[in-house]
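# Report on the structure
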Amino acid sequence: MKERVLQTARYIVDNRATVRQAAAAMGVSKSTVHSDMNEKLKYIDMSLYEQVREVLAYNLRVRHLRGGMATRRKYKK
């Protein structure tokens, strides 16, 4: 479990990935990724936890922009 948490965290930081992308890459559910990143990681590696929180906060701030671009691409086709 500890290794899965660390691998997922590194994936998120390295790729600036969303929770959905990390879940797909690791083969686990979004709920598992949320649980791992928000509850377990801070007890394993605090500096990595802070980096992950920064990436996830950024993704939260820009999600409305990504949604708008997806809609634009959909109707442009």
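Structure report, in brief. (Residues numbered from 1 in each chain as written. Predicted model: local features only at pLDDT ≥ 70, side-chain atom pairs only at ≥ 80, totals over all residues. Heavy atoms only, no water.)

### Some points on the overall build of the protein chain
Scanning the protein chain for helices and strands turns up 4 helices and 0 strands. For the protein chain, the sequential pattern of α-helices and β-strands runs α-α-α-α. Buried positions account for 29% of the 77 residues belonging to the protein chain. Contacts in the protein chain between residues at least 24 apart in sequence constitute 57% of all its contacts with a sequence separation of at least 6. Taken as a whole, the protein chain presents about 5,500 Å² of accessible surface, with 51% of it coming from carbon and sulfur. Where the 17 positive side-chain charges of the protein chain centre and where its 7 negative ones centre are 15 Å apart. (Helix = DSSP H or I, 4+ residues; strand = E, 2+ residues; numbered from the N terminus. Buried < 20%, exposed > 50% of the residue type's maximum accessible area, 1.4 Å probe, protein only. Contact = heavy atoms within 4.5 Å. Areas by Shrake-Rupley, 256 points an atom, 1.4 Å probe, with all protein chains shown as cover. Lys, Arg positive; Asp, Glu negative; His and termini not counted. Charge placed at Lys NZ, Arg CZ, Asp CG, Glu CD.)

### Comments concerning the packing of helix α2 (residues 19–26) against helix α3 (residues 30–44)
Here α2 crosses α3 at 105°, and the two axes come no closer than 8 Å. Judged on the interaxial angle alone, α3 and α2 are roughly perpendicular. Residues Val19, Arg20, Ala22 and Ala23 of α2 form the contact with α3, whose participating residues are Lys30, Val33 and His34. Looking at side-chain class alone, the contact of α2 with α3 contains 4 nonpolar, 1 polar and 2 charged residues. (Axes fitted to C-alpha atoms, helices over the stretch in contact; angles between N-to-C directions. Parallel < 35°, antiparallel > 145°, perpendicular 65-115°, else oblique. Nonpolar A, V, L, I, M, F, W, Y, C, P; charged D, E, K, R; others polar.)

### Some details on the pattern of salt bridges
Side chains bearing opposite charge may pair, as long as their charged atoms lie close to each other. Counted under the stated rule, the structure contains 2 salt bridges. Close ionic contact of lysine 40 with aspartate 36 constitutes a salt bridge, the shortest N to O distance being 3.3 Å. One end of the pair, lysine 40, and the other, aspartate 36, are both in helix α3, 4 residues apart, so they sit about a helical turn from each other. Assessed through its relative accessible area of 26%, lysine 40 is described here as partly exposed. For aspartate 36, a relative accessible area of 1% gives the class buried. Within this structure, Arg4, Asp36 and Lys40 form a network of salt bridges that share partners. (Salt bridge = Lys/Arg side-chain N within 4 Å of Asp/Glu carboxyl O.)

### Notes on the nonpolar core
Counting residues in each nonpolar core, the largest one holds 15 residues, and the members touching the most others are Ala9, Ile12, Val33, Met37, Leu41, Val52 and Leu56. Those elements giving two or more residues to this core turn out to be α1 (2–15), α2, α3 and α4 (46–76). Excluding residues within four positions of it along the chain, isoleucine 12 makes contact with Ala17, Ala22, Val33, Met37, Val52, Val55 and Leu56. (Core = buried A, V, L, I, M, F, W, Y, C linked by side-chain atoms within 4.5 Å.)

### Observations concerning the packing of aromatic side chains
Using the criterion set out here, one finds 0 aromatic pairs in the structure. Taking NZ or CZ as reference, arginine 16 lies 5.1 Å from the ring centre of tyrosine 58, over its face. (Phe/Tyr/Trp six-rings, centres within 6.5 Å; stacked < 30°, edge-to-face > 60°. Lys NZ or Arg CZ within 6 Å of the ring centre and 35° of its normal.)

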